[in-house]
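# Remarks on the overall topology
For reference, the chains in residue letters:
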Amino acid sequence: MLRKDWGFDYTAHKLAEAASTKIAFHQERLDWWKAKRATVMSTIRSEGLEIDEKIALEYRHPKSRDWDRGAQVMVRNDLQKDLDECLEKLSHHTTQLQQYDGWQQVLAANPEARLKLDIEDWLFFFASN
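Here goes a summary of the coordinates provided. (Residues numbered from 1 in each chain as written. Predicted model: local features only at pLDDT ≥ 70, side-chain atom pairs only at ≥ 80, totals over all residues. Heavy atoms only, no water.)

## A short note on the side chain of H93
Counted only if it meets this: Only DSSP runs of H or I with at least four residues qualify as helices, and only runs of E with at least two residues qualify as strands; both kinds are numbered from the N terminus onward. Buried means the residue's accessible area, taken with a 1.4 Å probe over protein chains only, is under 20% of the maximum for its type, while exposed means over 50%, and partly exposed covers the values in between. Whether two residues are in contact is decided by their heavy atoms: any pair within 4.5 Å suffices.
Along the chain, H93 turns up in helix α3 (residues 77-109). Take H93: its relative accessible area is 6%, and that puts it in the buried class. Excluding residues within four positions of it along the chain, H93 makes contact with F25, H26, R29, L30 and W33.

Next comes the structure, spelled out in structure tokens:
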């Protein structure tokens with residue numbers, strides 16, 4: 001028998017407890033990333049904007065079309081990257097919270113049920129994050 005084919009019996013109660021632990025972890029991470037996002041947004045508002053003006057804007061030249069183009073306002077690349085990371089992590093932990101919450105509810109409603117877990121199931125409920 002191959003390891004990937006092994007099965008392990010667990011009570012739904014034990015799995016509900018494991019799901020609750022995962023919920024607590026993902027809630028803590030979600031809260032941390034919310035705070036990080038607020039910090040990044042504050043930094044963007046206070047110092048993260050850059051204005052790109054061509055030197056041609058300093059004087060009017062009949063052949064210059066730069067007046068028409070105007071200036072470009074951009075968020076600093078490092079802050080944009082930080083904000084993107086925050087949003088990706090918020091999405092990930094929100095999804096995980098919803099998934100573990102669903103499992104916790106169904107398992108807690110059936111505490112005496114016995115379920116056979118394979119390695120992937122076990123990792124889902126018990127692996128360290």
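## What to know about a nonpolar patch on the surface
Stated precisely, the cut-off is as follows: For patch building, the residue pool is restricted to those with more than 30% relative accessible area and no salt bridge; the joining distance is 9 Å between like charges and 5 Å between nonpolar side chains (Val, Leu, Ile, Met, Phe, Trp, Tyr). Here, Shrake-Rupley sampling with a 1.4 Å probe gives the accessible areas, and only protein chains in the shown set may cover a residue. Take a side-chain nitrogen of Lys or Arg and a carboxyl oxygen of Asp or Glu: if they are within 4 Å of each other, that pair is a salt bridge.
A contiguous nonpolar surface patch, about 320 Å² in accessible area, is contributed by L49, I51 and V73. Considering the arrangement of structural elements, one finds V73 in strand β3 (residues 72-75).

## Concerning the packing of helix α1 (residues 12-47) against helix α4 (residues 119-126)
Just so we agree on the cut-off: In this analysis an axis means a line fitted to C-alpha atoms, helices contributing only their contacting stretch, and an angle means the value between N-to-C directions, from 0 to 180 degrees. Comment on the angle field: the value is read as roughly parallel under 35 degrees, roughly antiparallel over 145, roughly perpendicular from 65 to 115, and oblique elsewhere. Residue classes follow a fixed rule: Ala, Val, Leu, Ile, Met, Phe, Trp, Tyr, Cys and Pro count as nonpolar, while Asp, Glu, Lys and Arg count as charged, and any other residue, Gly among them, counts as polar.
Where α1 meets α4, the axes come as close as 8 Å, and the angle between the chain directions of the two elements is 50 degrees. Relative to α4, the element α1 is oriented oblique. Facing α1, whose interface residues are K14, L15, A18, A19 and K22, α4 presents L123, F124, F125 and F126. Residue composition of the contact of α1 with α4, by class: seven nonpolar, no polar and two charged.

## Some words on α3
An α-helix turns once every 3.6 residues. As a result, residues three or four positions apart point the same way. The following threshold applies: Helix span is expected to be 1.5 Å times the residue number reduced by one.
Relative to the 48 Å expected for 33 residues at 1.5 Å per residue, α3 spans 48 Å between its end C-alpha atoms, a close match to the ideal helical length. Three or more residues of α3 are buried, namely L79, L83, C86, L90, H93, Q96, L97, Y100 and L107. Buried residues along α3 sit in contact with α1, β3, β4 (114-117) and α4.

## Points about the packing of aromatic side chains
The following threshold applies: Any two of the Phe, Tyr and Trp rings considered here, Trp counted by its six-membered ring, make a pair once their centres fall within 6.5 Å; the pair's planes then place it as stacked at under 30 degrees, edge-to-face at over 60, or tilted in between.
By the definition in use, this model includes seven aromatic pairs. Taken together, a centroid distance of 4.5 Å and an interplanar angle of 25 degrees make the contact between Y100 and F124 stacked. Placement of Y100 in helix α3 and of F124 in helix α4 is noted, with a sequence separation of 24 residues between them. With relative accessibility at 4%, the residue Y100 sits in the buried group. Considering the side-chain rings of F124 and F125, the 4.9 Å spacing of their centres and the 85 degrees angle between planes classify their relative orientation as edge-to-face.

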